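# Chain and residue survey
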Amino acid sequence: MHDSHKFKIPIGPQHPALKEPESFSVALKGEKILGVDIRLGYNHRGIEKACEERTFLQDVYLVERVCGICSHSHSTCFVQAVEEIAGLEIPSRAKYLRTLIAELERVHSHLLWLGVAGHEIGFDTLLMYTWRDREIVMDILAQFTGNRVNYGMNTIGGVRRDIDVSQVKDALKAVDTLQERTKYYIEIATSEVTIIKRLSGVGVLSYEDALRLDAVGPTARASGVKRDVRKDDPYAAYADVSFDVITDNHSDVYGRTVVRLKELLESFKIIRQVLENLPAGPIAIKAPRKIPAGEAISRYEAPRGEDVHFVKSNGGEKPERVKIRAPTLANVQAVKHMLKDRFLADMPIVIAAIDPCFSCTDRSIEISYLDDARKKEVLTWPELHAYSIDWHRKRGIDFSSLNKKLKEGFKTS
Amino acid sequence: MSTVSNIVNWARIKSPWLLHFNTGACNACDIEIIAALTPRYDLERFGIQLKGTPRHADILVCSGPVTRQIEDRLVRIYEQMPEPKFVIAVGTCSCTGGVFKGCYNVKAGIDSAIPVAAYIPGCPASPKAIIDGVVKLLSSLKEK
C-alpha cells in the first residue's frame, strides 16, 4: 500500500464514544491502527494545588470531588494518609463502615461499567438493565450517607454517619436482589454468543505486558496478575473479612468483563460479612486541627485499581503537598499497547474496558511541542525561555528589537 | 405568531435532542445525567434523546466548571449547534464554579463562556432535579 493511505484522525475532546473530554490522535492505515497519541488534561482543575490552600478537613471533601464515581476511594485514601501522619487509631466500627461504603461503591461502579461496556458494543438493552439494577445500590448508598454520589462519609478520625438495625436489614435485602441480578448477568456474559464473539481477542494485554506497563486493578487481574491492595496491604476492615482475589487468564476485554462481574459477587460477600459483624462503639475520634509534621503514602483498591495518595504536612492546618495517583493513569499506557495493530471499530470498547476515569487522571497539564523537532521531554527554565523566543521568531514575531528600544528608552529617561 | 412557527415550536418542545458535554466535571453529574435517561427516571418519556453531535442538538447539557483547556472547545461546540439553542448547566460547579472556584486552571461557571438558559444546582444534581430543570426549560419555551 502507498504511504498516502496512512492518515490521522482526531477523536475527541467531544466525541459520542467518549464520556469525558480527552483526545486521541489515531494514525490509521485503512482500518488498522498504527499508533495512538493520547492527550489528557482537559479535566485538569488543579485540585492538588487547591488542597494546599485549604485545611485538612476541607480537603477531605475536595479530594472526594477528584472523581464522582470513586469518590469514597479518594477521600478514604486521603484520610488514611492524614491519620497515619497524626498517629490516630480509628474505632473499629468506623473501619467497618468505611469498608461497607467502599464495597457498595464498587458494586455501583462495576454495574455502571457493565452498562457502559454494553453501550459501546451496541448492546443498549444491557445498559438499561444494569442501570436499572444499579438504582438499588444507589438507594442504599443514599440511605446510609444522605447522598447518591459524593457521599461525604469520611472525616479525619472516623466516619460521620452511623447506621441502625433497620438500615442493615434493608441493605441485606438489597444485596440479595443484586446478587440474583449479577448471577443473571454472569450467565449472559458467559453464554451469550454475541458478547463472547465481540469481546474475545479484543484489547489483548498479556501477563508480561501487564507487568511491564504497570497495569492495575481489574485490567491487570484479567491478565492473570494477582494484585489487589485489599489482600496485599489490608486497610480498613479488609483484614477481618474473607474474600477471593478474582483473576482470569483471557487477557482481553472479555476477561475484564468476567473479572468485574465475579468481583461483584465477592463484594456482596464482603458487604454481608461487614453488616453481620458490625462492631459496636463510637464511629469517630476527635482529630486535632493541626496535623503534626510528617509525610505518608496511602494505598487503596478503588474499583478501577490501586489509588495512591501522598500527603505531606508541615505541622500546620494545611497540607504542604498532596499528590494523587489515580488508577486510570497507570492503565492508560496499557490502552496504547492494546490498540496497536487493532481495528478502529474496537477502539471505544478497548478504551471503555479499563473503565477510564479521566477526571481522576488529569493531575497535570502536558505542554507539548507543535513541531516535530522535539528532542527533550523536560526543559529547564532558560531552555524554555530560549524555546519561546525561537517559537515566536519562527512565526515572524521578534521582540529583541523591542527589548532593545525599551532598554534604551529607560536609559535616556 | 404564524401557524407554521406554532407547529415548529410545538414539535421542538415535544422532541428536544440533548448533547451532553463534560467541561471538566468530576463525573458525578455525568453519571446522574445518564441515570436520569435510564429506566428509573426515564427522561426519554419527554421525547428527549441523547445525541452524539452538536449539529443535531437543541439543548447542550454541560457539567462541571469550565477549565482553561476546554473553554475554546465549549465555545466551538456551542457555535456548531443550530438555532434556537439552549444550555443547561448541571451541578453547582457548572453554575458558579463550586468547590473549584479560584483554582488556577478553572475559569468559573458555564456562563463565563456561553449563555446559559437553565441552572440546576446540587453536588451532584440528583436525577430528579435534572428532570425538574429540563421540564422547566421546556415549559418556558411553550410561553414564547
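Let me sum up the structure you'll find in this document. (Residues numbered from 1 in each chain as written. Chains lettered and ligands numbered in written order. Predicted model: local features only at pLDDT ≥ 70, side-chain atom pairs only at ≥ 80, totals over all residues. Heavy atoms only, no water.)

## Description of the sheet that holds strand β8 (residues 319-325) of chain A
Residue and element names in this part refer to chain A. Read from one edge to the other, the open sheet built from 3 strands follows the order β6-β7-β8, with strand pairing classed as antiparallel. Pairing within the sheet leaves two strands with one partner each, and these edge strands are β6 (294-302) and β8. Strand after strand, the sheet turns through a mean of 15 degrees between neighbouring axes, direction not considered. In the sheet, strand β7 (residues 305-313) pairs with β8 via 6 bridges, with the strands oriented antiparallel. The residue bridging V311 from the neighbouring strand is V322, located in β8. Helix-sheet contacts for helix α3 (residues 71-86) involve β6, β7 and β8, and the interaxial angle to β6 is about 150 degrees. (Pairing = 2+ DSSP bridges. Helix = DSSP H or I, 4+ residues; strand = E, 2+ residues; numbered from the N terminus. Axes fitted to C-alpha atoms, helices over the stretch in contact; angles between N-to-C directions. Contact = heavy atoms within 4.5 Å.)

## Let's talk about the environment of E103(A)
Residue and element names in this part refer to chain A. One can find E103 in helix α4 (residues 92-120). Classification of E103 as buried rests on a relative accessible area of 0%. Along the backbone, E103 and V274 are 171 residues apart, and their C-alpha atoms lie at a distance of 9.9 Å. With near-sequence residues (within four places) excluded, E103 lies in contact with R230, Y238, S267, I270 and I271. Side chain to side chain, E103 and R230 meet in a polar contact 3.3 Å long. (Buried < 20%, exposed > 50% of the residue type's maximum accessible area, 1.4 Å probe, protein only. Polar contact = N/O pair within 3.5 Å; in protein donor to acceptor, adjacent residues only side chain to side chain.)

## Overview of the interface of chain A and chain B
On the chain B side, the residues contacting the 40 residues of chain A number 37 residues. Summing the contributions of chain A and of chain B, the shared interface buries around 3,000 Å²; its carbon and sulfur component is 62%. Counting the surface chain A buries against chain B, the share from its top three residues, Q14(A), Y42(A) and R45(A), is 21%. Inspection of the region where chain A meets chain B yields 3 salt bridges. Note that D139(A) is salt-bridged to R40(B), the shortest N-O span being 2.9 Å. Linking chain A to chain B there are 14 residue pairs in polar contact (both at pLDDT 80 or more). In terms of residues, the side of chain A that touches chain B owes the most to one element, helix α5 (residues 124-145) of chain A, which gives 8 residues. (Buried area = accessible area lost by both parts, 1.4 Å probe. Salt bridge = Lys/Arg side-chain N within 4 Å of Asp/Glu carboxyl O.)

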